[in-house]
Amino acid sequence: MDRTLVFKVEGVEHEIELTDAHAPKTLAKLVAALPATVDIHCAKIAGSHIMWPVPFVERLESASDVLAMPPGAFFFWPERQYLEITYAPLQAETASVSLLGRLKGDIGWLRDYADRQRQGQGRALFTAEVHQRGRETPAASPPRPDGGDAFVRLRAARLEAWEGQPADVQRLLDRRGLNVPFGPLTMAEGELRKLHELLWRLWNEQDRRGDAEKARIAAFAIETTITRVGGFCHMLDTASVLRDGIACLDGGEAPIEDILVELILYAGRMAAWLDLHICWWPMNELTLDALKHRQIGLRDS
């Protein structure tokens, strides 16, 4: 296969040289998911990278310390199903990743783009087109599940969430009130992100936990998320999908691994949609300014 991935952003194509020496399973799933238009997210902690979510789940392969990733490294973060490209040494963070390749050529453009994207996230949507060189034809879309049981509804909701932003997100954004929509927006994103990570950890346990124990833990975590996302943030469609997840876990409508994968991909994509609307950079600047004034007030008191 051609070892080149094309990352097209703002009308310009940039090449990523792929390698299957470290994570062949992940790479195969990545190639199978292409071509794709992806939404770009800013880093919250590690700093010097951009990232985008992908619709597949895979375990860590040939673990690499994320802090050891050099500028231009292209890698997969299994726990969150994000692909990432670095452009400078990363800030302190503990995570293991699967190395997939490196960005070819000068990476100065990525640093400039990431600065604009980080400062603009929440105000504008940043996207990129990704394909494998020589393979630009889209793969056939998976058939939409047909039927009325909970697992079919869960899978259909997952597919819909990856096709475009669900209406539940826009309804949250359209609400107005004291600290609304910002309060519900950040709470819902955080709750779904926590659920997403916990479910992935359960899935990653493989045979270290029995199916019944996994189902109990997952159902408890989902119920807690429904309380916050549905009860507090009024994302009622999202809560309904998660209830279908509990029904699947309780009823054994499919293998536990399959149910967890559907829930991981649904919760992760919903968290990612919400994340796109959070102005992380301005909020951090406001926090720094508030801390500065608080320190001045403490010195003067």
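Residues numbered from 1 in each chain as written. Predicted model: local features only at pLDDT ≥ 70, side-chain atom pairs only at ≥ 80, totals over all residues. Heavy atoms only, no water.

A. Quick peek at the side chain of E262. Along the chain, the position of E262 falls in helix α8 (residues 256-275). Side chain to side chain, E262 and R155 meet in a polar contact 2.7 Å long. If we ignore the near neighbours within four places in the chain, the residues touching E262 are F151, L154, R155 and R158. (Helix = DSSP H or I, 4+ residues; strand = E, 2+ residues; numbered from the N terminus. Polar contact = N/O pair within 3.5 Å; in protein donor to acceptor, adjacent residues only side chain to side chain. Contact = heavy atoms within 4.5 Å.)

B. Molecular detail of the packing of helix α5 (residues 182-204) against α8. Remark: α5 packs on α8, axes separated minimally by 8 Å, with the N-to-C direction vectors making an angle of 155°. Judged on the interaxial angle alone, α8 and α5 are roughly antiparallel. When the axes of α5 and α8 are compared, the crossing they make is left-handed. In contact with L185, A188, E189, L192, R193, L195, H196, L199, W200, L202 and W203 of α5, α8 contributes E257, L260, V261, L263, I264, A267, G268, M270, A271, L274 and D275. (Axes fitted to C-alpha atoms, helices over the stretch in contact; angles between N-to-C directions. Parallel < 35°, antiparallel > 145°, perpendicular 65-115°, else oblique. Left-handed = near helix turned anticlockwise from the far one by under 90°.)

C. Inspection of empty space enclosed by the protein at higher detail. What the rule picks out here adds up to 1 cavity of 30 Å³ or more. Lining the largest cavity are P53, V54, R80, Q81, Y82, W162, H196, I264, L265, G268 and R269. Of the residues forming the lining of the largest cavity, the biggest block, 4 residues, is contributed by α8. Residues belonging to the lining of the largest cavity are distributed by class as follows: 6 nonpolar, 3 polar and 2 charged. (1 Å grid on protein atoms, 1.4 Å probe; cavity = no way out; pocket = protein on both sides within 12 Å on 5 of 7 lines; lining within 4 Å. Points joined across faces, edges and corners; volume = space filled by probe spheres on them. Nonpolar A, V, L, I, M, F, W, Y, C, P; charged D, E, K, R; others polar.)

D. Broad picture of the nonpolar core. Core analysis: the largest hydrophobic core is formed by 47 residues, its most contacted members being I222, M235, L242, L249, L263 and M270. Counting residues per element, the ones that place at least two in this core are α3 (150-163), α4 (167-174), α5, α6 (211-232), α7 (236-251) and α8. Among the elements that take part in this core, α8 stands out by supplying 12 residues, more than any other. Those residues in contact with L249 that sit more than four places away from it in its chain are A215, A218, A219, I222, I256, I259 and L263. Counting 31 residues, the second largest nonpolar core, distinct from the first, contains W52, F56, F76 and V130. (Core = buried A, V, L, I, M, F, W, Y, C linked by side-chain atoms within 4.5 Å. Buried < 20%, exposed > 50% of the residue type's maximum accessible area, 1.4 Å probe, protein only.)

E. Layout of the packing of α3 against α8. α8 packs onto α3 with a crossing angle of 35° between their chain directions and a minimal axis gap of 9 Å. Two packed elements cross with a definite hand, and for α3 against α8 that hand is left-handed. The segment α3 lies against α8, with F151, L154, R155, A157, R158, A161 and W162 engaging D258, I259, E262, L263, L265, Y266, R269, M270 and W273. Residues belonging to the contact of α3 with α8 are distributed by class as follows: 11 nonpolar, no polar and 5 charged.

F. Fine view of the pairing of strand β10 (residues 127-132). In terms of strand pairing, strand β1 (residues 4-9) meets β10 through 4 bridges, oriented antiparallel. Considered in β10, the bridge of V6 is made with H131. The pairing of strand β3 (residues 36-39) with β10 spans 4 bridges and is antiparallel. In the strand pairing of β10, V38 is matched with A128. (Pairing = 2+ DSSP bridges.)

G. Just a nonpolar patch on the surface, in detail. On the surface, F182, M283 and L286 cluster together into a nonpolar patch covering about 270 Å² of accessible area. With respect to the helices and strands, the residue L286 is situated in helix α9 (residues 280-300). (Patch = residues over 30% accessible without salt bridge, like charges linked within 9 Å, V, L, I, M, F, W, Y side chains within 5 Å. Areas by Shrake-Rupley, 256 points an atom, 1.4 Å probe, with all protein chains shown as cover. Salt bridge = Lys/Arg side-chain N within 4 Å of Asp/Glu carboxyl O.)

H. How the structure looks around the environment of T225. Secondary-structure assignment places T225 in helix α6. Through-space distance from the C-alpha of T225 to that of K194 is 8.7 Å; in sequence the pair is 31 residues apart. Apart from residues lying up to four places away in sequence, T225 is in contact with E191, L192, L195, G230 and L242. Separated by 3.0 Å, the side chain of T225 and the backbone oxygen of A221 make a polar contact.

I. Up close: the layout of surface pockets. The volume enclosed by the second largest pocket comes to roughly 360 Å³. If you go around the second largest pocket, you meet 21 residues; those closest to its centre are K44, I45, W77, R80 and E93. Mapped onto the lining of the second largest pocket, the elements with two or more residues apiece are β5 (49-53), β8 (82-86) and α5. In terms of residue count, α5 provides more of the lining of the second largest pocket than any other element does, 3 residues in total. Taken together, the residues of the lining of the second largest pocket sort by class into 10 nonpolar, 2 polar and 9 charged.

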